[in-house]
Number of protein chains: 2
Amino acid sequence: MAAVENLALIEKYQRTVTSTIPLTDYMQWRIVRLDPWQIQTNIDLLPNINIHGTAFAGSIYASAMATGWTLLKCWYDFQGYQAELVAAEASIRYLQPVAGDFVCRALIDPNQASYEKLTKRLGMNKSCGYPLTVEVICAEKICAILTISFVFKCSS
Amino acid sequence: MAAVENLALIEKYQRTVTSTIPLTDYMQWRIVRLDPWQIQTNIDLLPNINIHGTAFAGSIYASAMATGWTLLKCWYDFQGYQAELVAAEASIRYLQPVAGDFVCRALIDPNQASYEKLTKRLGMNKSCGYPLTVEVICAEKICAILTISFVFKCSS
């Protein structure tokens with residue numbers, strides 16, 4: 001039963017992202033695992049190649065950004081918060097060429113101080129920043145690490 | 001005559017980028033100004049929208065990355081250096097939402113110490129890092145600033 005519910009969650013957010021961020025569809029960005037605390041996406045190399053035949057730096061970043069955004073959107077929908085989620089800044093390190101189809105992974109750690117602050121602020125309907133790290137993996141190697149400073153903007 | 005040569009240069013690099021990084025074609029990323037020292041590209045909002053109806057953070061980054069890469073590739077082809085150009089890391093700050101078609105701009109400043117170091121190292125056929133800043137502009141406002149640490153990799 002849990003697996004069926006999870007599949008529905010994946011389909012819901014895949015539909016949301018595909019229909020509102022068409023670039024993700026072009027990139028063949030697909031959610032394969034999702035709950036409010038973790039996400040995994042798979043991305044095809046072919047639409048994302050560069051002149052070296054590996055993944056374009058911009059595609060790697062965009063795939064990881066969409067992955068991080070989707071996890072936080074799923075999390076705050078699950079918590080029932082009302083907020084607009086935007087990226088304020090981000091840094092990426094490219095560690096290895098991405099020479100095939102690749103994976104993006106992120107998780108929310110409720111034991112971190114940043115998480116405690118976030119839930120406290122959103123509980124008061126106040127805006128708050130939140131840093132999220134997304135790993136980009138190909139052939140079982142971490143090829144890039146994206147750190148995003150998200151902001152949950154509350155209307156009050 | 002200079003304008004005609006410049007158009008040929010634009011067409012040459014547009015063709016190179018479009019054919020080797022297909023994502024740029026999907027994004028409607030177009031070079032409108034290029035010489036070995038500066039570049040301007042125009043990007044359509046429509047294929048790059050997000051859930052807010054503004055440009056997706058990943059598209060903004062990818063457009064700016066392609067712009068920076070193309071300028072440095074044009075520069076080193078012009079100088080006659082043999083090197084492979086890759087991005088090692090990058091940071092982006094999102095200052096304003098991008099609510100329409102947008103522009104990316106970058107230039108190489110030969111008066112900077114980083115430029116002097118680069119030409120010296122490449123002249124010895126040695127690898128070298130080079131930082132490049134790309135501005136993302138919409139409706140005459142700077143909406144994002146991307147700073148890329150490129151590496152020119154020489155085979156020796």
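Here, the structure is the one placed above.
Since the structure is predicted, the reported quantities are computational estimates derived from the model, not experimental observations.

Participant: For this particular structure, what's the right way to read the pairing of strand β5 (residues 128-138) of chain A?
Facilitator: Side chains on a regular strand alternate between the two faces of the sheet. Residues and elements named next belong to chain A. For strand β4 (residues 102-107) and β5, the ladder comprises four bridges, and the chain directions are antiparallel. Bridge pairing links Arg105 to Glu135 in β5. Across eleven bridges, β5 lies against strand β6 (residues 141-153) in antiparallel orientation. Counterpart to Val136 in the pairing with β6 is Ala144. Hairpin connection between β5 and β6: a loop of two residues separates the two successive antiparallel strands, and Ala139 in this loop has a positive phi of roughly 50 degrees.

Participant: When you look at the relation of the copies chain A and chain B in this model, what are you seeing that I'm missing?
Facilitator: The operation relating the two chain copies consists of a rotation about an axis and a shift along that axis. Under the fitted operation, chain A is carried onto chain B by 0.0 Å of movement along the axis and a turn of 180 degrees, and the coordinates agree to an RMSD of 0.0 Å. Here the symmetry operator amounts to a two-fold rotation axis. Identified as the residue of chain A closest to the rotation axis by C-alpha distance is Ser91 of chain A, at 2.1 Å. Taken together, the interface assignments show that 100% of the residues at the interface of chain A recur at the interface of chain B, consistent with an identical surface on both copies.

Participant: What is the right way to read the interface of chain A and chain B from this model?
Facilitator: For interface size, the figure often reported is the accessible area lost on association. Every contact between the two is made by 35 residues of chain A and, on the other side, 35 residues of chain B. Approximately 2,600 Å² of surface area, both sides summed, lies buried where chain A meets chain B, with 70% of it carried by carbon and sulfur atoms. If you sort the residues of chain A by the area they bury against chain B, Leu23, Ile51 and Phe56 of chain A come out on top, with a joint share of 22%. Summed over the shared surface of chain A and chain B, the number is zero salt bridges. Applying the counting criterion to the chain A and chain B interface returns eleven residue pairs in polar contact (both at pLDDT 80 or more). If you list the elements that add at least two residues to the side of chain A that touches chain B, you get α1 (2-20), α2 (22-26), α3 (57-79) and β3 (84-94) of chain A.

Participant: Just checking my understanding: could you explain the pairing of strand β1 (residues 29-35) of chain B for this structure?
Facilitator: Of the strand pairs in this sheet, β1 of chain B and strand β2 (residues 38-43) of chain B are connected by six bridges, and their pairing is antiparallel. Among the inter-strand pairings, Arg33 of chain B is bridged to a residue of β2 of chain B, identified as Gln40 of chain B.

Participant: It is not clear to me how the packing of aromatic side chains should be interpreted in this structure. Could you clarify?
Facilitator: Inspection of the entire model under this criterion finds twelve aromatic pairs over all chains. Note on Tyr26 of chain A and Tyr26 of chain B: the rings are 4.6 Å apart at their centroids and 20 degrees apart in plane angle, and the pair reads as stacked. Note that Tyr26 of chain A is positioned in helix α2 and Tyr26 of chain B in helix α2 (residues 22-26), a pairing that runs across two chains. Note on Tyr26 of chain A: relative accessible area 26%, which makes it partly exposed.

Participant: Sorry if this is basic, but what is going on with helix α4 (residues 113-123) of chain B here?
Facilitator: Three- or four-residue spacings in an α-helix give side chains the same orientation, since the helix completes a turn every 3.6 residues. Residue and element names in this part refer to chain B. All of the buried residues in α4 are Tyr115, Leu118 and Leu122. Around the axis of α4, the buried residues are gathered within 60 degrees of arc, so they sit on the same side. Turned more than 90 degrees from where α4 packs its buried face, Ala113, Glu116, Lys117, Lys120 and Gly123 sit exposed. Where the residues of α4 are buried, they touch α3 (57-79), β5 (128-138) and β6 (141-153).

Thresholds, definitions, all that
- Residues numbered from 1 in each chain as written.
- Chains lettered and ligands numbered in written order.
- Predicted model: local features only at pLDDT ≥ 70, side-chain atom pairs only at ≥ 80, totals over all residues.
- Heavy atoms only, no water.
- Pairing = 2+ DSSP bridges.
- Helix = DSSP H or I, 4+ residues; strand = E, 2+ residues; numbered from the N terminus.
- Least-squares fit on C-alpha atoms with pLDDT ≥ 70 in both.
- Contact = heavy atoms within 4.5 Å.
- Buried area = accessible area lost by both parts, 1.4 Å probe.
- Salt bridge = Lys/Arg side-chain N within 4 Å of Asp/Glu carboxyl O.
- Polar contact = N/O pair within 3.5 Å; in protein donor to acceptor, adjacent residues only side chain to side chain.
- Phe/Tyr/Trp six-rings, centres within 6.5 Å; stacked < 30°, edge-to-face > 60°.
- Buried < 20%, exposed > 50% of the residue type's maximum accessible area, 1.4 Å probe, protein only.
- Arc of directions from axis to C-beta.

By themselves, these are just geometric observations and shouldn't be taken as functional.
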